[in-house]
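# Fold and geometry: a report
Each chain is listed here by its residues.
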There are 2 protein chains.
Amino acid sequence: MYQQNTNSLASVFQQAEYKLGGHAPRNVDLLKQAFDGMDAETEADMYGQGKLIGDFERKMADYLGKSSAVFFPSGTMAQQIALRIWSDRQSSKRVAYHPLCHLEIHEQRGLHELHGIEPVLLADADRLIRLDDVTGMPEDVVCLLLELPQREIGGQLPAYEELEAISAHCRARGIKLHLDGARLFEVLPYYRKTAAEICALFDSVYVSFYKGIGGIAGAILAGESDFTEESVVWKRRHGGDLISLYPYIVTADYNFDLRVDKMAHYWAGAEKVARLFNACRQVVTVPEVPVTNMFHVHVALPPEQVEEALVTVAQASGVGLSSYVRPKGEGSYFELSLGDRLDLIPEEKLALAIKLLDEALG
Amino acid sequence: MYQQNTNSLASVFQQAEYKLGGHAPRNVDLLKQAFDGMDAETEADMYGQGKLIGDFERKMADYLGKSSAVFFPSGTMAQQIALRIWSDRQSSKRVAYHPLCHLEIHEQRGLHELHGIEPVLLADADRLIRLDDVTGMPEDVVCLLLELPQREIGGQLPAYEELEAISAHCRARGIKLHLDGARLFEVLPYYRKTAAEICALFDSVYVSFYKGIGGIAGAILAGESDFTEESVVWKRRHGGDLISLYPYIVTADYNFDLRVDKMAHYWAGAEKVARLFNACRQVVTVPEVPVTNMFHVHVALPPEQVEEALVTVAQASGVGLSSYVRPKGEGSYFELSLGDRLDLIPEEKLALAIKLLDEALG
């Protein structure tokens with residue numbers, strides 16, 4: 001099996017003057033910034049109670065247009081719980097999602113091991129779930145999870161009309177529709193919709209605060225009150241009802257206010273950067289034209305060669321384009337999510353770096 | 001059912017100049033203190049990796065005398081996982097613990113709902129598990145959880161020789177012994193043992209950082225490496241493998257260093273305060289002579305009357321003895337865990353307050 005020589009590329013990236021993706025280095029400054037202006041006597045939340053957590057849950061419920069919202073330490077926990085609740089209510093262990101859904105590939109089969117739920121995988125791994133996948137689901141599927149955007153295929157989105165049609169179909173059949181909105185904030189500019197408008201198509205919604213928002217960790221699960229109340233019981237069972245979650249809540253709230261209105265700007269950045277990459281002879285981006293701040297960079301060369309090229313580029317230009325490369329078929333790829341850092345790179349430096357990449361890839 | 005008039009007592013307690021239990025108010029100052037001296041460029045932990053989490057896990061493994069340790073967001077998560085691992089290894093869903101075990105009364109039956117484990121309850125609720133309870137367990141029990149001290153009965157401890165005998169019995173029968181050490185640091189002075197000496201009696205150990213240690217939240221699960229490696233997989237499944245746990249790790253480490261050697265001091269404080277309470281005519285403490293920094297205050301009067309007395313005392317003396325009262329049989333009780341705050345109360349003020357309590361209780 002291919003072994004990544006990450007140490008070398010990762011450390012060159014680390015030392016590069018400019019870095020392409022993300023907002024800032026993952027260090028404790030993120031926490032310090034959010035707490036700096038805060039009154040030290042602000043009362044902690046306690047087992048889900050108190051003003052600090054209550055205010056943020058209310059703010060998010062309103063933003064998402066749902067009756068109620070609950071803060072969770074992680075999306076893994078929030079989403080398993082959502083699917084368990086919908087599954088229990090209809091006494092069926094069958095839910096459906098994309099083959100590259102987070103629950104399928106990043107959670108060590110927690111949904112099965114903890115909840116006994118067996119998913120039906122819809123669509124091929126390299127494309128979005130379509131209406132005909134949904135209308136063709138087995139009869140006993142009681143809940144469908146849709147991820148917007150579909151992260152593992154570069155952050156693709158269905159047309160809004162297709163989303164509406166899928167939602168209408170599920171409503172008509174009594175199939176619960178759950179939104180994996182890990183990157184929901186990021187899709188609003190493309191759809192030209194509010195979060196509440198999109199969430200109205202779904203019965204339950206999860207959003208994350210450490211992707212585009214740039215917090216430390218944490219998630220919100222939102223829906224009708226009877227649903228969220230049940231989720232609080234499951235949060236306790238999962239060991240997620242910590243005595244205090246405020247380190248994540250305060251940083252989520254601070255960075256939400258800082259960045260939620262910058263998603264169109266990040267998207268524009270992604271479009272610009274994708275154009276530069278697509279001008280390289282060995283490179284295509286997926287999607288070719290980004291619909292959010294993210295995309296995947298596919299290179300028709302083996303990872304070793306791409307890594308070497310990225311090292312060369314970083315050393316020559318001072319711009320780290322990626323800290324890693326993963327194998328993909330005969331070639332390789334890496335993911336980019338554009339954020340605050342892009343604005344720090346002088347345009348000509350970035351153009352030069354990607355031109356150097358083209359040359360290095362040959 | 002009895003409804004606590006907590007608002008009134010809780011708010012009077014809140015405003016009292018002196019407060020008897022704990023270290024400090026639960027506010028964000030705790031976080032600020034731990035991070036104040038910290039370099040903002042300190043790298044975050046990432047999905048369980050990195051120096052920050054690795055160093056603390058190593059430090060705790062060494063302190064507990066185990067091969068390996070894993071940081072968890074909560075004890076609820078860590079302990080369910082420990083029992084699941086031991087249960088899976090011996091293909092039996094039977095584990096044993098005390099009727100007032102945290103898993104039995106505070107976790108919404110998570111152990112059953114998530115792991116399908118059915119506990120055997122040992123001993124009567126109002127006393128410790130004894131050797132004869134253990135030797136009399138059903139044959140199919142594969143794991144025993146012991147809590148030191150047994151919190152829900154005031155923080156009682158078995159004689160060390162009995163603990164050794166229970167451990168020897170379990171070893172001989174191949175029964176895994178798990179330590180609920182939520183308050184392990186607090187028992188070391190009474191046993192005159194190191195944590196490692198006590199933990200050597202157990203196959204797996206959980207410790208908490210927001211009881212006597214006074215952190216924000218978080219737990220360590222320790223044992224042999226094959227056990228902790230499996231626990232990391234389950235941590236991911238439970239949704240506890242957050243991208244970063246450093247807010248809890250940094251505050252745990254900071255407060256561990258600050259307080260781990262003060263447990264004998266807190267215990268001495270508890271002995272002193274318990275003597276004062278036991279001089280009240282309607283009051284007995286459980287245990288009568290504390291063996292850690294904690295005990296329960298039992299009053300032979302209904303909660304309403306005790307609350308009223310505590311309000312009177314706080315208003316007259318400026319000392320808040322408790323923020324709540326709970327019903328217990330015909331009478332009532334509250335829990336005390338002595339910490340840094342005790343040192344702030346002038347001795348004569350505290351003596352006066354408890355004398356006033358005696359008078360108010362009549």
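Taking an unreviewed UniProt entry as the reference, chain A is identified by name as Threonine aldolase family protein belonging to Paenibacillus aurantiacus. Taken directly from UniProt, the Sequence similarities (unreviewed entry) text for chain A runs: "Belongs to the threonine aldolase family."

The helix and strand tally for chain A stands at 15 helices and 13 strands. Taken against the 2.2 N^0.38 rule, which gives 21 Å for 362 residues, the C-alpha radius of gyration of chain A at 21 Å falls within 12% of a compact globule. With the principal axes as the frame, chain A shows a C-alpha extent of 60 × 55 × 40 Å. Within the span of chain A, comprising 362 residues, buried residues form 59% of the whole.

So, about the nonpolar core. Soluble globular proteins tend to pack their nonpolar side chains together in the buried interior. Core analysis: the biggest nonpolar cluster contains 129 residues, and Leu144 and Phe209 of chain A together with Leu144 and Phe209 of chain B have the highest contact counts within it. Apart from residues lying up to four places away in sequence, Leu144 of chain B is in contact with Ala96, Leu122, Val134, Met137, Ile166, Cys170, Ile175, Lys176, Leu177 and His178 of chain B. Counting residues in each nonpolar core, the second largest holds 50 residues, with Cys101 and Ala219 of chain A together with Leu111 and Cys143 of chain B among its members.

Residues and elements named next belong to chain A. Among the 5 residues that make up strand β7 (residues 204-208), 5 are buried, leaving the element largely enclosed by the rest of the structure. The side-chain alternation of β7 yields two buried faces, one formed by Ser204, Tyr206 and Ser208 and the other by Val205 and Val207. Strand direction decides the pairing type here: strand β6 (residues 176-181) and β7, joined by 4 bridges, are parallel. The partner of Leu179 across the bridge, within β7, is Val205. Note: β7 against strand β8 (residues 219-223), 4 bridges, orientation antiparallel. The partner of Val207 across the bridge, within β8, is Ile220.

Moving on, we come to empty space enclosed by the protein. For the structure on display, the rule yields 2 cavities of 30 Å³ or more. In this model, the largest cavity occupies a volume close to 70 Å³. As for the largest cavity, its lining consists of Leu128, Ile129, Leu146, Glu147, Leu148, Gln150, Pro158, Leu163 and Ile166 of chain A. Counting only elements with at least two residues in the lining of the largest cavity, the list comes to β5 (143-147) and α8 (160-173) of chain A. Tallied by class, residues from the lining of the largest cavity come to 7 nonpolar, 1 polar and 1 charged. Forming the boundary of the second largest cavity are Leu128, Ile129, Leu146, Glu147, Leu148, Gln150, Pro158 and Ile166 of chain B.

Residues and elements named next belong to chain A. Packing of helix α3 (residues 51-64) against helix α12 (residues 246-259) brings their axes to within 10 Å, and their N-to-C directions diverge by 40 degrees. The pairing of α3 with α12 is recorded here as oblique in orientation. For the element pair α3 and α12, the recorded crossing hand is left-handed. Contacts between α3 and α12 involve Leu52, Ile53, Phe56, Lys59, Met60 and Tyr63 from the first element and Tyr246, Ile249, Val250, Ala252, Asp253, Phe256 and Asp257 from the second.

Residues and elements named next belong to chain A. In terms of domains, chain A is made up of domain 1 (6-25 + 262-361) and domain 2 (45-243). Placing a centre on the C-alpha atoms of domain 1 and another on those of domain 2 gives a separation of 30 Å. Taking both partners together, domain 1 and domain 2 bury about 1,300 Å²; carbon and sulfur atoms supply 65% of that area. The largest share of the area that domain 1 buries against domain 2 comes from Met263, Val291 and Met294, three residues that together contribute 40% of it. The interface formed by domain 1 and domain 2 holds 1 salt bridge in total. The salt bridge involving Arg151 is made with Glu335; its shortest N-O contact spans 2.8 Å. Our count for the domain 1 to domain 2 interface comes out at 3 residue pairs in polar contact (both at pLDDT 80 or more). Those elements that place two or more of their residues in the side of domain 1 that touches domain 2 are α13 (263-278) and β10 (294-299). Class assignment for the residues of the side of domain 1 that touches domain 2 results in 9 nonpolar, 4 polar and 1 charged.

Before going further, it helps to examine the packing of helix α13 (residues 263-278) of chain B against helix α15 (residues 347-361) of chain B. Residue and element names in this part refer to chain B. At a minimum axis separation of 9 Å, α13 and α15 run at an interaxial angle of 30 degrees. Judged by the sense of rotation from one axis to the other, the crossing of α13 with α15 is right-handed. Contacts from Lys272, Val273, Leu276 and Phe277 of α13 reach α15 at Glu347, Leu350, Ala351, Ile354 and Leu357. Residues of the contact of α13 with α15, tallied by class, amount to 7 nonpolar, no polar and 2 charged.

Attention now goes to the relation of the copies chain B and chain A. Once chain B has been moved 0.0 Å along the axis and rotated by 180 degrees, it coincides with chain A to within an RMSD of 0.0 Å. Here the two chains are linked by the operation of a two-fold rotation axis. In terms of proximity to the rotation axis, the leading residue of chain B is Leu114 of chain B, whose C-alpha is 2.4 Å off the axis. The fraction of interface residues of chain B whose copies in chain A are also interface residues reaches 100%, indicating that both copies meet through the same surface.

Under the local residue numbering, the UniProt record ascribes the feature "domain: Aromatic amino acid beta-eliminating lyase/threonine aldolase" (unreviewed entry) to residues 38-298 of chain A. Regarding residues 38-298 of chain A, the helix share stands at 44% and the strand share at 16%, and the terminal C-alpha atoms are separated by 44 Å.

Mapped onto the elements, Arg84 of chain B comes out in helix α4 (residues 75-89). Arg84 of chain B sits in the buried class, given a relative accessible area of 7%. A distance of 3.0 Å separates polar atoms of two side chains, one belonging to Arg84 of chain B and the other to His115 of chain B. Beyond its immediate sequence surroundings of up to four residues, Arg84 of chain B is in contact with Glu113 of chain A together with Lys93, Leu114, His115, Ile117 and Trp234 of chain B.

A word on the packing of aromatic side chains. On inspection of all chains with the given rule, the structure shows 29 aromatic pairs over all chains. For the ring pair Phe277 of chain A and Phe334 of chain A, a centre distance of 6.0 Å and an interplane angle of 70 degrees mean the geometry is edge-to-face. Separated by 57 residues along the polypeptide, Phe277 of chain A in helix α13 and Phe334 of chain A in strand β13 (residues 331-337) bring together distant segments of the chain. Between Tyr160 of chain B and Tyr191 of chain B the ring centres are 5.0 Å apart and the planes differ by 65 degrees, which places this aromatic pair in the edge-to-face class. With Tyr160 of chain B in helix α8 (residues 160-173) and Tyr191 of chain B in helix α9 (residues 184-191), this residue pair connects regions lying 31 residues apart in the sequence. Taken together, Phe56, Tyr63, Phe71, Phe185, Phe209 and Phe256 of chain A form an aromatic cluster joined through their ring pairs. Residue placement shows Lys211 of chain B over the ring face of Tyr210 of chain B; its charged tip is 3.9 Å from the ring centre.

Looking now at the sheet that holds strand β10 (residues 294-299) of chain B. Pairing between the strands of a sheet comes from backbone hydrogen bonds, and it takes one of two forms, parallel or antiparallel. Residues and elements named next belong to chain B. Spatial ordering of the open sheet is given by β9-β10-β13-β12, a layout of 4 strands whose pairing is antiparallel. Each of the sheet's edge strands pairs with one partner strand only, and the pair in question is β9 (283-286) and β12 (326-328). Looking at each pair of strands side by side, their axes are set apart by 35 degrees on average, direction ignored. Note: β12 against strand β13 (residues 331-337), 3 bridges, orientation antiparallel. Paired with Arg326 across the bridge in β13 is Tyr333.

How each quantity is defined
- Residues numbered from 1 in each chain as written.
- Chains lettered and ligands numbered in written order.
- Predicted model: local features only at pLDDT ≥ 70, side-chain atom pairs only at ≥ 80, totals over all residues.
- Heavy atoms only, no water.
- UniProt positions renumbered as here; feature names shortened; annotations may be inferred.
- Helix = DSSP H or I, 4+ residues; strand = E, 2+ residues; numbered from the N terminus.
- Rg over C-alpha atoms; globule rule 2.2 N^0.38 Å.
- Buried < 20%, exposed > 50% of the residue type's maximum accessible area, 1.4 Å probe, protein only.
- Core = buried A, V, L, I, M, F, W, Y, C linked by side-chain atoms within 4.5 Å.
- Contact = heavy atoms within 4.5 Å.
- Pairing = 2+ DSSP bridges.
- 1 Å grid on protein atoms, 1.4 Å probe; cavity = no way out; pocket = protein on both sides within 12 Å on 5 of 7 lines; lining within 4 Å.
- Points joined across faces, edges and corners; volume = space filled by probe spheres on them.
- Nonpolar A, V, L, I, M, F, W, Y, C, P; charged D, E, K, R; others polar.
- Axes fitted to C-alpha atoms, helices over the stretch in contact; angles between N-to-C directions.
- Parallel < 35°, antiparallel > 145°, perpendicular 65-115°, else oblique.
- Left-handed = near helix turned anticlockwise from the far one by under 90°.
- Domains from an automatic or database assignment.
- Buried area = accessible area lost by both parts, 1.4 Å probe.
- Salt bridge = Lys/Arg side-chain N within 4 Å of Asp/Glu carboxyl O.
- Polar contact = N/O pair within 3.5 Å; in protein donor to acceptor, adjacent residues only side chain to side chain.
- Least-squares fit on C-alpha atoms with pLDDT ≥ 70 in both.
- Phe/Tyr/Trp six-rings, centres within 6.5 Å; stacked < 30°, edge-to-face > 60°.
- Lys NZ or Arg CZ within 6 Å of the ring centre and 35° of its normal.

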